[in-house]
Protein chains: 4
Amino acid sequence: MKFRGVVPPVVTPLTADGALDVVSFERSINRMIDAGVDGLFVLGSSGEVVFSDDARRREVIENAIRIVAGRVPVMVGVIDMTTKRCIEHARVAKELGADAIVATAPFYAILGPKEIKRHFRLIHDAVDLPLFAYDIPVCVHTKLSPALILELARDGVLAGVKDSSGDDVSFRFLTQARDEEGLDLVLLSGHEVVVDGAYMSHADGSVPGLANVDPVVYVEQWRAYQEGDWDRVRELQDQATRLMRIVQVTSGETGYAAGVGAFKTALMLLGVFETNTMPEPVLALEGENVEAVAQVLRSVGLLK
Amino acid sequence: MKFRGVVPPVVTPLTADGALDVVSFERSINRMIDAGVDGLFVLGSSGEVVFSDDARRREVIENAIRIVAGRVPVMVGVIDMTTKRCIEHARVAKELGADAIVATAPFYAILGPKEIKRHFRLIHDAVDLPLFAYDIPVCVHTKLSPALILELARDGVLAGVKDSSGDDVSFRFLTQARDEEGLDLVLLSGHEVVVDGAYMSHADGSVPGLANVDPVVYVEQWRAYQEGDWDRVRELQDQATRLMRIVQVTSGETGYAAGVGAFKTALMLLGVFETNTMPEPVLALEGENVEAVAQVLRSVGLLK
Amino acid sequence: MKFRGVVPPVVTPLTADGALDVVSFERSINRMIDAGVDGLFVLGSSGEVVFSDDARRREVIENAIRIVAGRVPVMVGVIDMTTKRCIEHARVAKELGADAIVATAPFYAILGPKEIKRHFRLIHDAVDLPLFAYDIPVCVHTKLSPALILELARDGVLAGVKDSSGDDVSFRFLTQARDEEGLDLVLLSGHEVVVDGAYMSHADGSVPGLANVDPVVYVEQWRAYQEGDWDRVRELQDQATRLMRIVQVTSGETGYAAGVGAFKTALMLLGVFETNTMPEPVLALEGENVEAVAQVLRSVGLLK
Amino acid sequence: MKFRGVVPPVVTPLTADGALDVVSFERSINRMIDAGVDGLFVLGSSGEVVFSDDARRREVIENAIRIVAGRVPVMVGVIDMTTKRCIEHARVAKELGADAIVATAPFYAILGPKEIKRHFRLIHDAVDLPLFAYDIPVCVHTKLSPALILELARDGVLAGVKDSSGDDVSFRFLTQARDEEGLDLVLLSGHEVVVDGAYMSHADGSVPGLANVDPVVYVEQWRAYQEGDWDRVRELQDQATRLMRIVQVTSGETGYAAGVGAFKTALMLLGVFETNTMPEPVLALEGENVEAVAQVLRSVGLLK
């Protein structure tokens, strides 16, 4: 299994005028690899994939592959509204050297399980790379059922799932069914503040956006899990959860602006990113909101 | 006001292998213009905009502008996940001769009113064409509030709204506020089976997908409304509603597959389209479902 | 058809200490009957049924029946979480002289169409009174499909529907299917600001909460509809819609507090109710919010 | 802290004609106490509280208190639509000897945080018993935010929370804030298949409906947790999760009918309940669905 352990979704740094900030990107990726992450996922939701046009997507992939230089495997999000576009993105990802691709269910158009399954099958047929399903109903407004996932895994369509569904009950049923059937299906959790529970639930790893800010805590947690040191797993989770408050302490901001906005602001405060510029139409955190993030960083000892 | 009356969202015909069927497209557009529609809206939801890559979008616009040849104004959907892509599409629409553009709120990423307003402002600033907001929460999972729409109208950002929200109460409050303020804001309803109610609510027109199948009934209805013949408006609505059952009589299909699938199948049965091919990952209606659509067409006298 | 025309859901006046204010209740009911309403619906959502314990429900019904004294038919809401309790309430309603009962789908427990149908059948079997289904998904989180309603109507279980679903498309399909089958099923709309559209859609009447505040406008609208004077129907709807802004002009209040809170406040300002007391845990509108309601009343000429 | 550990929500057995089956009730309660549960919760969602009229609620409480006879503390659900009714139920619970009461946010009427807080405050003021908030948005369609819960805990209104929200991220933030503030607030998880994760998240115990069927596995899991034996906690969770499939193996059933229906059927098959009768309008599982539940019981060794 290539994608096990901690696979952060890479936050994309921008310059003040909205260009890709390649220097910060390199610094951030190297910082995560140095901390010991097991893989990287570029162009995920927090990697602002849906804010990126084709040229930007290509730029992000090329730079990521170049910077990573084979040190860890790289997954690439090929997220788009429907199949045709996803396949185009997948071909680019393949051409540029991705190790795996990640697609959500189609969105905008109202489709059912029949079409969702066909969507994944068509992507899989078109591009010869391991395909991960990204289960993120809060964005695509469809939950991938365990039954659907298992069917696609049995047929060799899916290599894994990145679960950001928030439905831990469903995830537990999924891991158990996977294990009992002996399916080759990598199950990763995307919920930063309950990774310990996900490991209890037999997740193969995590995809924590917060690992951009503090990769060490998640790497240590994974290692503690591998060693069976559950108290340490929990302790590290508590530590990460305290840091995760950066997404809650701002005011007047919601959703993406509060979440990825806080990640970028923290990375700027830590000197990893040059700016906390957000992609249009989102504005960067300012003033008291930046200070609120800084206070959380100080409270957990990441900032002086 | 350029966009008043009946402005069908144009269904996009495909050949059996998924190419744009230009001959059918021309036949269908001419059929609607001959019936007397007041405008056309290409690359809307039922025009499979989110299933179309950039090349297909360009092809659809170019052909539509060429076929229409100035006989009626043409609105072009520039629907995409976030601002940057919408602006790219808007520039293409402008370059190719569109009379107006139509954008939804951003989707996938979770954004609030602040970002949604900025999204429309940025599109408006970038491209000099009348901008319509497409209010379609069932697809983008955000309802545009009357307050948000009115603010953007006052600032000259929005020229109009295509309302597919299903929230007729909100729509009535919106038309009334518009009228009392005397704002220059075109309000069109997208709900085929309650256009009479929308006209009661002071809508400036309708955008009925079903008008692809039967443009005459909606054109006659609009004219009856202009003449104040409300009984006729209602009678024609009842007639259209009977036809609209084509989206309900199929089995095993839901959402887009049942809706646009039935429109395409009806157009094929009527000899307007060559095929009822749907864009991947959706499959065309087959067998008994085609027959079910045919029976509705016969029952209303459109098919022998 | 006994229940045609305007059937207001009666708002329940309270004294300052939360008792039923019988004097105000009598004044309000008489005011509506004098205005010419065709029936009354007590213990509906705006009649605070779910805030009322058994004693209060009995008190409301007894007083309503006594005050109405046969001048118009009276429907009684028997709304409760599940079947057993609804039947208990229905028996009381029958004993006290109700002309019809109104029940929603079960709520809280997650039940499917099979159980919902059985729920209505059991109520119908237990109590010999015409049974209306109250379709109000915003409260019970289940939409009654046209197919379910039609099945129950065919079997004689349902005498009618009070539609507060906000789904006008579904309502149009329902009225049309009812008419084509020739079913004896009374279809009433509960949406105050689009009653004209509901009449276009062949509704048999309306159940407007706002008619507590201004019964005349809805009675005149119904009469205009009966005379085929659609322009007048629309004009009166515009008038009612202007008044309905009382539910929008308050600040810091949402849902029930803003809606029924505004109705009670308007009735107090008009001298119909003694107080605008709300049932716990809701607080009455105060200060600037009362003034905001008063301004709307003045702007439409109901208050000097 | 009185309510720590495993506190099953007691499933209510019925005779074939729908009466309370006191003999089965006694057998089931004794079986759970003998297994070592730390408390019992009667008249919860799976205890069919919303299907029970006042007489039945009283009967359930009286029998439960009598059977338990002080061996473990007893929580009583006082769940109803709004405050007045909840207080009535709470007074009965107090009179009959309950050790704590459990209330949800109001439902049916659309209320906001202001009213929800007042609702809990009024119940707390009216009845001198520890008050638990039952966070169950799937039934009441409101999520209790950590901020709301913490405010009520600080003010001494809430003694604890039964979390059935499915929002484990929110739960983790809640436990951490509780611990950092040093609040006296008992936090119990209601999700049977991820109790290990809840313990990782510092839950004080669990309220697993499935413990009616197999109390031993949850009691052992709690003890393993107390001993810090996390591998055993997880192993027991896996075991319970396999058993929980009884709610998934039936066909043609959803929601309450599939869930509590499976619990009752399993208890019948195990000889604990005489029947698997469900409260109207729900029908008991039959035929192949009973056999499907039996197969799961056999597969985990609970049935021969």
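In this text, all values refer to a predicted model and were calculated from it rather than measured experimentally. (Residues numbered from 1 in each chain as written. Chains lettered and ligands numbered in written order. Predicted model: local features only at pLDDT ≥ 70, side-chain atom pairs only at ≥ 80, totals over all residues. Heavy atoms only, no water.)

A.B. asks: Would you mind going over the UniProt feature "binding site: pyruvate" (unreviewed entry) in chain A in detail, with residue names and values included?
C.D. replies: Residue and element names in this part refer to chain A. In this structure's numbering, the residues bearing the UniProt feature "binding site: pyruvate" (unreviewed entry) are Val207. Considering the arrangement of structural elements, one finds valine 207 in the loop between β8 (205-206) and α9 (215-226). Apart from residues lying up to four places away in sequence, valine 207 is in contact with Val7, Pro8, Pro9, Phe41, Lys162, Leu188, Ser189 and Gly190. (UniProt positions renumbered as here; feature names shortened; annotations may be inferred. Helix = DSSP H or I, 4+ residues; strand = E, 2+ residues; numbered from the N terminus. Contact = heavy atoms within 4.5 Å.)

A.B. asks: Describe in detail the relation of the copies chain D and chain C, supporting the description with residues and values.
C.D. replies: Overlay of chain D on chain C (RMSD 0.0 Å): rotation 180°, translation along the axis 0.0 Å. The superposition operator between the copies reduces to a two-fold rotation axis. With an isologous cut-off of 70% or more, the 100% of interface residues of chain D that recur at the interface of chain C puts this contact in the isologous class. (Least-squares fit on C-alpha atoms with pLDDT ≥ 70 in both.)

A.B. asks: Which residues make up helix α3 (residues 83-96) of chain D, and what values do they have?
C.D. replies: Compared with the 20 Å implied by 1.5 Å per residue over 14 residues, the 20 Å span of α3 of chain D between its first and last C-alpha is a close match. Listing the buried residues of α3 of chain D in full gives Thr83, Arg85, Cys86, Ile87, His89, Ala90, Ala93 and Leu96 of chain D. Against α2 (54-68) and α3 (83-96) of chain C together with α2 (54-68), β3 (74-77), β4 (100-104) and α4 (113-126) of chain D lie the buried residues of α3 of chain D. One or two residues past the end of α3 of chain D sits glycine 97 of chain D, with phi positive at roughly 105°. (Expected span 1.5 Å × (residues − 1). Buried < 20%, exposed > 50% of the residue type's maximum accessible area, 1.4 Å probe, protein only.)

A.B. asks: Which residues make up the nonpolar core, and what are the values?
C.D. replies: Note on soluble globular proteins: their nonpolar side chains tend to be buried together. By size, the foremost hydrophobic cluster in this structure holds 472 residues, and its most contacted members are Ile246 of chain A, Ile246 of chain B, Ile246 of chain C together with Ile246 of chain D. With residues near it in sequence (within four places) discarded, isoleucine 246 of chain A still touches Leu210, Val213, Ala262, Phe263, Ala266, Val293, Val296 and Leu297 of chain A. (Core = buried A, V, L, I, M, F, W, Y, C linked by side-chain atoms within 4.5 Å.)

A.B. asks: Lay out the interface of chain D and chain C with the relevant residues and their values.
C.D. replies: Size of an interface, as often reported, equals the accessible area lost when the parts are brought together. Residue-level contacts link 44 residues of chain D with 45 residues of chain C. Taking both sides of the interface into account, the surface hidden between chain D and chain C amounts to around 3,800 Å²; carbon and sulfur atoms contribute 60%. Counting the surface chain D buries against chain C, the share from its top three residues, Met81, Tyr108 and Pro281 of chain D, is 21%. Here chain D and chain C share four salt bridges between them. (Buried area = accessible area lost by both parts, 1.4 Å probe. Salt bridge = Lys/Arg side-chain N within 4 Å of Asp/Glu carboxyl O.)

A.B. asks: Tell me what's going on with the packing of aromatic side chains, and back it up with residues and numbers.
C.D. replies: In this structure the tally under the stated criterion is 34 aromatic pairs over all chains. Relative to tyrosine 225 of chain B, the ring of tyrosine 199 of chain B has its centre 4.6 Å away and its plane inclined at 10°; by these criteria the two rings are stacked. On the criterion of sequence distance, the pair formed by tyrosine 199 of chain B in helix α8 (residues 195-200) and tyrosine 225 of chain B in helix α9 (residues 215-226) is long-range, its members being 26 residues apart. Residue tyrosine 199 of chain B shares its accessibility class with tyrosine 225 of chain B, and that shared class is buried. Where phenylalanine 41 of chain C meets tyrosine 134 of chain C, the ring centres are 5.8 Å apart and the plane angle is 70°; that geometry is what we call edge-to-face. With phenylalanine 41 of chain C in strand β2 (residues 40-42) and tyrosine 134 of chain C in strand β5 (residues 131-135), this pair connects stretches of sequence that are 93 residues apart. (Phe/Tyr/Trp six-rings, centres within 6.5 Å; stacked < 30°, edge-to-face > 60°.)

A.B. asks: Pulling in residues and values, what's your account of the pattern of salt bridges?
C.D. replies: Opposite charge on two side chains allows them to pair when their charged atoms are near. All names here are of chain A. For the coordinates displayed, the defined rule picks out 101 salt bridges over all chains. Salt-bridge contacts for arginine 154 lead to glutamate 181; the nearest nitrogen and oxygen are separated by 2.6 Å. Here the residue arginine 154 occupies a position in helix α6 (residues 146-154), and glutamate 181 occupies one in helix α7 (residues 168-181), the gap between them amounting to 27 residues. Shared partners join several salt bridges into a network, and the residues in it are Asp54, Arg57, Asp80, Arg85 and Glu88.

A.B. asks: Go over unusual backbone geometry, please, and point to the residues and values.
C.D. replies: All names here are of chain A. In this structure, the amide linkage connecting glutamate 280 to the following residue, proline 281, adopts the cis form with an omega of 10°. Position of proline 281 relative to the elements: it lies in the loop between α11 (255-269) and α12 (287-299). One non-glycine residue, leucine 43, lies in positive phi territory at about 60°. What makes leucine 43 buried here is its relative accessible area of 0%. Even without being glycine, alanine 69 reaches a positive phi, approximately 50°.

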